[in-house]
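Topology and contacts: notes
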Amino acid sequence: MEKFGKSQSFKRSEDVRFLTGHGRYIDDIAPDGALHGFLLRSPVAHATITSLDVEAAREAEGVALVLTVDDLLEAGMDIRMGGTVLTNRDGSKAAEPERPMLARGKLRHVGEPVALVVAETLQQARDAAELIELDYDDLPAHVEVCAGGETIHPEAPDNRAFDWGMGDEAATAEAFDKAARVVRLEVGDNRVIVNAMEGRGCYAEWDGARLHVAFNGQGVWGLKGELAEAMGLDPEAVRITNPDVGGGFGMKAASYPEYFVLAQAARVLGKPVRWISERTEGMLSDHAGRDLTTMAELAFDADHRILGYRIHTMCNLGAYNSGFGQPIQTLLFSKVLTGTYDIPTAYMRVEGFFTNTTQVDAYRGAGRPEAIYVIERVMDRAARELGLDPIELRKINFIKDFPYKTVTGETYDVGDFPRVLDHAILDADVAGFAARKDESAAQGKLRGLGLCFYIESILGDPAEDVRVEFTEDGGAVIYVGTQSNGQGHETVFAKFLSDHSGIPFDKIAFVQGDSDLIARGGGTGGSRSVTTQANVTLSCVRQMVEGFSAFLAEEMGVEAAEVRFDDERFRAEGSNLTPTMLEVAEMARAKGREDLLTWSARDQIEARSYPNGAHFAEVEIDLETGVTEVVKYTVVDDFGNLINPMLAEGQVHGGVAQGLGQALCERTVFDEDGQLLSASFMDYAMPRADDMPWVKFDVEPVPSTGNPMGMKGCGEAGTVGALAAVSNAMQDALWEKGVKQVDMPFTPMRVWSLLQGAPLA
Ligand code: SMO
């Protein structure tokens, strides 16, 4: 039989379960008899609460409990939801207004949780919530991403949460002063609603001593610490679990008020309580993505080399600071501010604003797609204004010598951008574009070609744990610290262990998402899981080999150093004993060597990895209707070494689909009162299968030097590349019609308006 190599497309074992409806999601596993939670939410975007009377609801049929913020405070809970807070350009601290778990005194966005009703049935909880008398005085809503308007928090009188900067402002100004040409472009990055297939949900139970909260998140350790602190519990008294999760995309990485309030309800009642979000409820309460506008400027010398880069971004935080709300368009954006270009000096200024809308936080890529979108749009504009081919301008300015330290302090260890781009130029048949454009023109259609050359910066830390246990039934269990949201971790990590330990894949059970079973892990996010989890598994296997070799040496009557392991069997010169790892474990068990049956490793990959790649999008626009079709799509990525090329390609397909959704159809609309007008799938268009082109995918690997396996993260890359590729293709198609400014989403109505020279709605 062919020995499984280190890079193999291996089908996902969990798919049979998922595709036949046997996934075990939060709504499937809530304990029988759990009470139902329903949240009364704010119907308005901004108001002062004048009274909140829940007495009638408490008396209603089937109701077990109603909780308001006063109840949480009376119970001694710390009701403040936390979040990272920046330091402003002037050295002061960014605004940190209180974000209460349930509304306190004011209502600040439609959908903000106000009270929890717990009843025997969901219908009873819902009916009782109708009996709650919430009175308030309306305040004007502030929904524009700018300073001014009605003050939302006293800590930020003009609604500006922060004014943050990075880079050398004076040196950058100097570069612009001596530039031969300066190119400017304003780039809008539309707000998206995440809409994971499975809505958020949780259940909580309290046995008198310990709290268990199961929720559909991206990892368990963040919430464990926060819950313990908020509820005044010893962390040992808190167990957090994640079952199967139907998509997270950054949105489910955060802690949300519902998890804390449900936990408190369970503690008060001593009974399990469950809650699952409905679609519109999720659209109003899940963290949204993007929502920023950037003025970008590039300074060029006479040879078209970039001298300096300057951006000024205005971003929306929503009504409160959420977990990563402040760092995303600042610290995370800065990681790839200058993209793949050798830019000697740069400055970024970012202002963040509170608005009476739901919080904006991580969304597939979290800051890096936003940064790449800006640099790749303005590079494309520069090529047009300088009269150069966009490919040529990129090649002139690509970073060529590695390691390369960027002006924002990242060290790109390796890369070969020209090689990746040349591969993509062939795959996309760029040479044949002119003929295809003529064909489209003959049918009354515009055709455009757009390139995005992206780079990502992938977390090395936080650290990850792994544990392997040999079980009495002759198999093994791998406990991992990360958490699948549907990407195929169950297969990938068990297969990885199998490849390196020789333990047959079907003898390995997989356990994730339980804070009682493993000590530490960073969860899924930032395209980090494969790099961190695979590398820690590798150290674990190394320890197993060493420990088993020492044990076997005695059995074989040889020195430990003479025992070899070839990924399948242990062997030693002079001994005809050639056991597999499972067989050694059985020998150890028979000898009472329990210490050889459980192995764990803890690793911290400090270095980041820098996946990069080229996306070419080709669009066709119907002049009469404004309907846009992505007719051709090509991706060539440098993901370093792949451990499962098929799943990597699947990640790219999904990522591209997510990017196309934002680029083509997803449009979040609030009215001036802060009411979300696009609060259902009738009004908010998600991409569908027939919006997706065939994505031609290939790789051009340059192994990372930052981790032993030479891997680079691939989970977010598709989304990072898609936004600018499609937008640049739209600009390419529309330029000849005199359209000089294109902003996502390219809905038929908006494209048609652009063609008419009409203002954009
Ligand atoms: S947007 Mo992600 O979970 O890093």
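Residues numbered from 1 in each chain as written. Predicted model: local features only at pLDDT ≥ 70, side-chain atom pairs only at ≥ 80, totals over all residues. Heavy atoms only, no water.

This brings us to helix 5 (residues 122-130). Because each turn of an α-helix spans 3.6 residues, side chains separated by three or four positions end up pointing in the same direction. Where helix 5 is concerned, the buried positions are Gln124, Ala125, Ala128 and Ala129. Buried residues in helix 5, looked at end-on, bunch into an arc of 135°, giving them a common side. Buried residues in helix 5 make contact with strand 1 (35-41), helix 3 (55-59), strand 3 (63-67) and strand 5 (113-119). (Buried < 20%, exposed > 50% of the residue type's maximum accessible area, 1.4 Å probe, protein only. Helix = DSSP H or I, 4+ residues; strand = E, 2+ residues; numbered from the N terminus. Arc of directions from axis to C-beta. Contact = heavy atoms within 4.5 Å.)

What follows deals with the sheet that holds strand 13 (residues 292-300). Ordered in space as 7-15-14-13-8, the five strands form an open sheet in which the pairing is mixed. Single-partner strands in this sheet number two, and they are strand 7 (160-167) and strand 8 (181-189). Strand after strand, the sheet turns through a mean of 10° between neighbouring axes, direction not considered. Pairing between strand 7 and strand 15 (residues 346-354): seven bridges, direction antiparallel. The residue of strand 15 that forms the bridge with Trp164 is Val350. Taken strand by strand, helix 10 (residues 325-334) contacts strand 7, strand 13, strand 14 (306-318) and strand 15, and its axis lies near 10° from that of strand 7. (Pairing = 2+ DSSP bridges. Axes fitted to C-alpha atoms, helices over the stretch in contact; angles between N-to-C directions.)

Glancing now at unusual backbone geometry. A cis amide bond, omega -5°, links Phe402 with the succeeding residue Pro403. Here Pro403 lies in the loop between helix 12 (390-397) and strand 16 (404-405). With an omega dihedral of -5°, the bond running from Met744 to Pro745 counts as a cis peptide bond. Take Pro745: it is sitting in the loop between helix 19 (717-734) and helix 20 (748-756). Located in the positive-phi region is Asp291, a residue other than glycine, with phi close to 70°. Here Asp291 lies in the loop between helix 9 (279-285) and strand 13. Given the relative accessible area of 13%, Asp291 is considered buried. Despite not being glycine, Ser527 has its phi angle at roughly 55°, a positive value. Locating Ser527 in the fold gives a position in the loop between strand 21 (508-511) and helix 16 (529-556).

Okay, the nonpolar core next. Among the nonpolar cores identified, the biggest contains 100 residues, and Tyr309, Phe616 and Tyr633 are the most heavily contacted of them. In terms of residues, this core owes the most to one element, helix 19, which gives 11 residues. Once residues lying within four places of it in the same chain are set aside, the contact partners of Phe616 are Ile391, Leu421, Ala424, Ile425, Ala428, Val430, Leu449, Gly450, Leu451, Lys632, Tyr633 and Thr634. Core analysis: the next-biggest nonpolar cluster, separate from the first, contains 56 residues, Val118, Ala228, Leu284 and Tyr684 among them. (Core = buried A, V, L, I, M, F, W, Y, C linked by side-chain atoms within 4.5 Å.)

So, on to the side chain of Thr313. If you trace the backbone, Thr313 turns up in strand 14. A polar atom in the side chain of Thr313 sits 2.8 Å from the side chain of Thr294. Discounting residues that sit within four places of it in the chain, Thr313 has contacts with Leu292, Thr293, Thr294, Arg349, Val350 and Glu351. (Polar contact = N/O pair within 3.5 Å; in protein donor to acceptor, adjacent residues only side chain to side chain.)

Let's shift gears to the environment of Val273. Topologically, Val273 is positioned in strand 12 (residues 273-276). Note: C-alpha distance between Val273 and Phe417 (144 residues apart in sequence) is 53 Å.

Right, let's talk about the packing of aromatic side chains for a bit. The tally for this structure, following the rule as stated, stands at 16 aromatic pairs. With a centroid separation of 6.0 Å and 75° between ring planes, the pair formed by Tyr256 and Tyr259 is classed as edge-to-face. With respect to class, Tyr256 is no different from Tyr259; both count as buried. Between Phe398 and Phe453 the ring centres are 4.9 Å apart and the planes differ by 65°, which places this aromatic pair in the edge-to-face class. In this pair, Phe398 is assigned in the loop between helix 12 and strand 16 and Phe453 in strand 18 (residues 445-455), connecting sequence segments 55 residues apart. (Phe/Tyr/Trp six-rings, centres within 6.5 Å; stacked < 30°, edge-to-face > 60°.)

Now for the side chain of Gln326. If you trace the backbone, Gln326 turns up in helix 10. Engagement of the side chain of Gln326 in a polar contact is seen with the backbone oxygen of Ala95, the distance being 3.2 Å. Of the polar contacts made by the side chain of Gln326, one reaches the side chain of Asn321; its length is 2.9 Å. Non-local contacts of Gln326, meaning those with residues more than four positions away in its chain, are made with Thr84, Val85, Leu86, Ala94, Ala95, Ala161, Phe162, Leu317 and Asn321.

Next up on the list: the domain arrangement of the protein. For the protein, the domain assignment lists domain 1 (26-139 + 194-285) and domain 2 (460-603). Computed over C-alpha atoms, the centres of domain 1 and domain 2 are 39 Å apart. In this complex, domain 1 contributes 18 residues to the contact, which on the side of domain 2 involves 17 residues. Counting the surface lost from both domain 1 and domain 2, the interface buries some 1,200 Å², and carbon and sulfur atoms represent 40% of this. Broken down residue by residue, the surface that domain 1 buries against domain 2 is led by Gln218, Trp221 and Arg239, which jointly contribute 52%. The partner of Asp516 in a salt bridge is Arg210, and the shortest N-O contact between them spans 2.7 Å. The interface formed by domain 1 and domain 2 holds nine residue pairs in polar contact (both at pLDDT 80 or more) in total. Top contributing element to the side of domain 1 that touches domain 2 by residue count: strand 11 (residues 238-241), with four residues. Residues of the side of domain 1 that touches domain 2, tallied by class, amount to seven nonpolar, eight polar and three charged. (Domains from an automatic or database assignment. Buried area = accessible area lost by both parts, 1.4 Å probe. Salt bridge = Lys/Arg side-chain N within 4 Å of Asp/Glu carboxyl O. Nonpolar A, V, L, I, M, F, W, Y, C, P; charged D, E, K, R; others polar.)

This part covers the confidence of the model for the protein. Predicted confidence across the protein gives a mean pLDDT of 95, with 98% of residues reaching 70 or more. In this model, residues 1-5 is a region of pLDDT below 50 whose contacts with residues beyond four sequence positions or in other chains number eight contacts. (pLDDT = per-residue confidence, 0-100.)

Okay, the pairing of strand 25 (residues 612-622) next. The element strand 25 is extensively covered by neighbouring structure, given that 10 of its 11 residues are classed as buried. Bridge analysis of strand 18 against strand 25 gives 11 bridges, and the strand direction is antiparallel. Of the residues in strand 25, the one forming a bridge with Ile455 is Asn612. In the sheet, strand 25 pairs with strand 26 (residues 628-638) via 10 bridges, with the strands oriented antiparallel. Directly across from Val619, in strand 26, lies its bridge partner Val630.

On to a negative patch on the surface. Together, Asp53, Glu133, Asp135, Asp137, Asp138, Glu672 and Asp673 line one region of the surface with negative charge. With four residues, strand 6 (residues 133-138) is the single largest residue contributor to the negative patch. In this structure, Glu672 sits in the loop between helix 18 (645-665) and strand 27 (695-699). (Patch = residues over 30% accessible without salt bridge, like charges linked within 9 Å, V, L, I, M, F, W, Y side chains within 5 Å. Areas by Shrake-Rupley, 256 points an atom, 1.4 Å probe, with all protein chains shown as cover. Lys, Arg positive; Asp, Glu negative; His and termini not counted. Charge placed at Lys NZ, Arg CZ, Asp CG, Glu CD.)

What follows deals with the environment of Val702. Assignment of secondary structure puts Val702 in the loop between strand 27 and helix 19. Assessed through its relative accessible area of 13%, Val702 is described here as buried. Separated by 288 residues in sequence, Val702 and Val414 have C-alpha atoms that sit 7.0 Å apart.

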